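# Observations on chain architecture
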Amino acid sequence: MTAYLLRRTGQALLVLWAAFSVSFVLLQLMPGSPFNDEKLTADQIAMMSKKYGLDKPLIVQFFTYVKNLLQGDFGVSYVISKDTSISVLLKNRVPVSFGIGLEAVSFGAVVGLILGILAALKKNSWLDTICTVISVLGVSLPSYVFALVMAYFIGYKAQWLPLLFDGKKFFASSIMPMLALSMFTVATVARFTRTSLLEVLDSDYMLLAESKGITGRPLLVRHALRNALIPIITMVGLQFGFLLGGSIVVEVVFAWPGLGRLVYLSVAARDYPVIQGAVLLIAVLFLTVNLVVDVLYALVDPRIRLS
């Protein structure tokens, strides 16, 4: 198990280095400049570039950034919050996105698991059809479509929930973003659960368990679900990673002060250090979640540890 963890950690670090290097180079090669204010003269733009080290060769900028990063310095914002530490900006935004992402994945996993189990146990029934329709809609429609529909009908027309983020009504403000983000997870988990559970229920070892007199809940929980959950655990973990980086539009729709909205604002302003810091943080969180999923996968399936 230790060798497996060390190997997976090493692979994660290599992926992180590659993601960091590629994103840094691509950001520097983007057209335009962070200092696009028409009021600034050419001399002032040159002074700003020199102040932040943008006048140096790309390779020098890269290793300077790496050196500062190893010391815990992500740099400062150029535009959206001038000279504010990136660490401060991220520290205020990450818990918000992390919380809403955790809510969405938890809700989506539970609801999707229930729908998938019901669909598998009631195969080819009207309940199976309903679950299938929900899965198709959840996978086909982007999360921002659900966000816009709920914002219009629930937030604007009915006014049941705050249309935009309200710090005084934090929980109420989080319901619509959470539901919008969770729809894809609900659909994906339901579909995977149904397929995996049907495959397990038709397996030889399930027939053997039934022949030994194991029926009802023990058969479903101890034998069927335990084996069916192996691919689902992996998928749910990856969903959480995707939500951390893919909630940009939903956060913009509901004015949610999270990491996604910060990325949107920094891209629009070409605030390179903020983009780089956010990308690096999302990569770290995604790889951490992936590593945790791999560990859970190994715990559930001993064959992974033995290999």
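Coordinates for the structure precede this section.
The following paragraphs examine the structure supplied in this document. Only a predicted model underlies this, so the values are computations on that prediction, with no experimental measurement involved.

Rules used throughout
Throughout this description, residue numbers start from 1 for each chain and increase along the sequence as written. The model is predicted, so local features are restricted to residues of pLDDT at least 70 and side-chain atom pairs to those at 80 or more, both for listing and for counting; the totals for chains, interfaces and linings are taken over all residues. To obtain the side-chain values, all non-hydrogen atoms of the structure were included, while hydrogens and water were left out. Cavity means a closed set of points on a 1 Å grid over the protein atoms alone, one where a 1.4 Å probe fits but cannot get out, pocket means an open set with protein on both sides within 12 Å along at least 5 of 7 lines, and lining means a residue has an atom within 4 Å of a point. Grid points are joined across faces, edges and corners, and a volume is the space filled by probe spheres set on the points. Here a helix means four or more residues in a row that DSSP labels H or I, a strand means two or more in a row labelled E, and each is numbered from the N terminus. Any residue that is not Ala, Val, Leu, Ile, Met, Phe, Trp, Tyr, Cys, Pro, Asp, Glu, Lys or Arg is counted as polar, Gly included; the first ten are nonpolar and the last four charged. Orientation is described by axes fitted as lines to C-alpha atoms, over the contacting stretch for helices, and by angles from 0 to 180 degrees between their N-to-C directions. Here the angle decides the label: under 35 degrees means roughly parallel, over 145 means roughly antiparallel, 65 to 115 means roughly perpendicular, and every other value means oblique. Contacts are assigned to residue pairs that have any heavy atoms within 4.5 Å of one another. Each Phe, Tyr or Trp ring (for Trp, its six-membered ring) is paired with any other whose centre lies within 6.5 Å, and the angle between the two planes then decides the class: stacked below 30 degrees, edge-to-face above 60, tilted in between. To estimate how far a helix should reach, multiply one less than its number of residues by 1.5 Å. Here the bend at each residue means the angle between axes fitted to two seven-residue stretches, the one ending at that residue and the one beginning there. As used here, the term nonpolar core means buried Ala, Val, Leu, Ile, Met, Phe, Trp, Tyr and Cys residues forming a set that is joined through side-chain atoms within 4.5 Å. Remark: exposure states derive from per-residue accessible area (1.4 Å probe, protein chains only) relative to the maximum for the residue type, with buried under 20%, exposed over 50%, and partly exposed in between. What goes into a patch is any residue over 30% in relative accessible area without a salt bridge, connected to like charges within 9 Å or, for nonpolar side chains (Val, Leu, Ile, Met, Phe, Trp, Tyr), within 5 Å. For accessible areas, the Shrake-Rupley method is used with a probe of radius 1.4 Å. Any residue's cover is judged against the shown protein chains and nothing else. We define a salt bridge as a side-chain nitrogen of Lys or Arg found within 4 Å of a carboxyl oxygen belonging to Asp or Glu.

### A word on the layout of surface pockets
Put simply, the largest pocket is a space of about 420 Å³. Along the walls of the largest pocket sit 22 residues, with Tyr 52, Thr 64, Tyr 65, Asn 68 and Tyr 78 positioned nearest its centre. Taken together, the elements giving at least two residues each to the lining of the largest pocket come down to helix H1 (2-28), helix H2 (42-51), helix H3 (58-70) and helix H12 (272-300). Examining the composition of the lining of the largest pocket, we find that five residues originate from one element, H3, more than from any other. Looking at side-chain class alone, the lining of the largest pocket contains eleven nonpolar, seven polar and four charged residues. Empty space within the second largest pocket amounts to approximately 250 Å³.

### Details of the packing of helix H4 (residues 86-121) against helix H11 (residues 259-269)
It is at 7 Å that the axes of H4 and H11 come closest, and there the two elements cross at 130°. Overall, the two elements H4 and H11 adopt an arrangement that is oblique. Two secondary-structure elements touch here, H4 through Leu 89, Leu 90, Arg 93 and Ser 97 and H11 through Leu 259, Gly 260, Arg 261 and Leu 262. The residue makeup of the contact of H4 with H11, split by class, is four nonpolar, two polar and two charged.

### Comments concerning the packing of aromatic side chains
One pass over the structure, following the stated rule, counts 13 aromatic pairs. By way of ring pairs, the aromatic residues Trp 17, Phe 20, Phe 24, Phe 62, Phe 63 and Tyr 65 are connected into one cluster.

### Concerning H4
For H4, with 36 residues, the first-to-last C-alpha span of 50 Å sits near the 52 Å given by 1.5 Å per residue. The sharpest bend along H4 reaches about 30° and sits at Arg 93, with the proline Pro 95 one to four residues further on.

### Some words on the nonpolar core
Ala 180, Leu 181, Val 236, Val 250 and Phe 254 are the most contacted members of the largest nonpolar core, which has 25 residues in total. For this core, the secondary structure elements donating two or more residues are H4, helix H6 (143-157), helix H7 (170-201), helix H9 (216-246) and H12. In this structure, Val 250 is in contact with Ser 143, Tyr 144, Ala 147, Pro 177, Ala 180 and Leu 181, ignoring residues within four places of it in sequence.

### Some words on a nonpolar patch on the surface
Taken together, the side chains of Val 149, Tyr 152, Phe 153, Tyr 156, Leu 163 and Leu 164 make up a nonpolar region of the molecular surface, amounting to roughly 590 Å² of accessible area. Mapped onto the secondary structure, Leu 164 falls in the loop between H6 and H7. Taking relative accessible area as the criterion, Leu 164 reaches 46% and is therefore assigned partly exposed.

### Side note on the pattern of salt bridges
Under the definition given, this model contains one salt bridge. A salt bridge links Asp 128 to Arg 194; the shortest N-O distance between them is 2.8 Å. Linking Asp 128 in helix H5 (residues 126-140) with Arg 194 in helix H7, this pair joins segments that are 66 residues apart in sequence. What makes Asp 128 buried here is its relative accessible area of 4%. Among the residues examined, Arg 194 registers a relative accessible area of 22% and is labelled partly exposed.

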